[in-house]
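Residue strings, one per chain:
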Amino acid sequence: PVSPRLTEPSRGPARDRLPQLHGFGGLTQQERRVATLAASGQSNLEVAAQLHVTVHTVKSQMCSILQKLDLRSRWELDHVLRAALGGAGNPSRTP
């Protein structure tokens, strides 16, 4: 079967969805922390260790973050956060 994503119309570049980030798209304070760390290139395990939560919690929060911001990947999250913050982020990361 064909993935539904492959048959969905294109939503356009992530940068075109920046208005959703006003107020971080309704993310909780903890989700903001997770989003920032994940977008900086940290793995779920590293984020969990830094925030003193389980990897399962980080995975769950990442799903919630991506859904709330209408994003599909950590790469999109990084790209959108960089654009929203004026280019701040981890410049060594590439898609």
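What you are looking at is a predicted structure, and each value in this text was computed from that prediction instead of being measured.

Undergrad: Talk me through the overall build of the chain; I want residue IDs and the actual numbers.
TA: Scanning the chain from N- to C-terminus turns up 5 helices and 0 strands. Order of helices (α) and strands (β) in the chain, N terminus to C terminus: α-α-α-α-α. Put simply, the chain has 95 residues, and 29% of those count as buried. Of the contacts made within the chain by residues no fewer than 6 positions apart, 60% connect residues no fewer than 24 positions apart. When the accessible surface of the chain is split by element, carbon and sulfur atoms take 58% of a total near 6000 Å².

Undergrad: An account of the nonpolar core is requested, with residue identities and associated values reported.
TA: One finds Val34, Met62, Ile65 and Leu77 to be the most contacted residues of the largest nonpolar core, which totals 18 residues. Of all the secondary-structure elements, those providing two or more residues to this core are helix 2 (29-39), helix 3 (44-51), helix 4 (55-68) and helix 5 (74-84). In terms of residue count, the dominant contributor to this core is helix 2 (5 residues). With near-sequence residues (within four places) excluded, Ile65 lies in contact with Leu27, Glu31, Val34, Ala35 and Leu77.

Undergrad: I'd like a description of the environment of Ser64, backed by residues and values.
TA: On the secondary structure map, Ser64 appears in helix 4. A distance of 2.7 Å separates a polar atom in the side chain of Ser64 from a polar atom in the side chain of Glu31.

Conventions used here
- Residues numbered from 1 in each chain as written.
- Predicted model: local features only at pLDDT ≥ 70, side-chain atom pairs only at ≥ 80, totals over all residues.
- Heavy atoms only, no water.
- Helix = DSSP H or I, 4+ residues; strand = E, 2+ residues; numbered from the N terminus.
- Buried < 20%, exposed > 50% of the residue type's maximum accessible area, 1.4 Å probe, protein only.
- Contact = heavy atoms within 4.5 Å.
- Areas by Shrake-Rupley, 256 points an atom, 1.4 Å probe, with all protein chains shown as cover.
- Core = buried A, V, L, I, M, F, W, Y, C linked by side-chain atoms within 4.5 Å.
- Polar contact = N/O pair within 3.5 Å; in protein donor to acceptor, adjacent residues only side chain to side chain.

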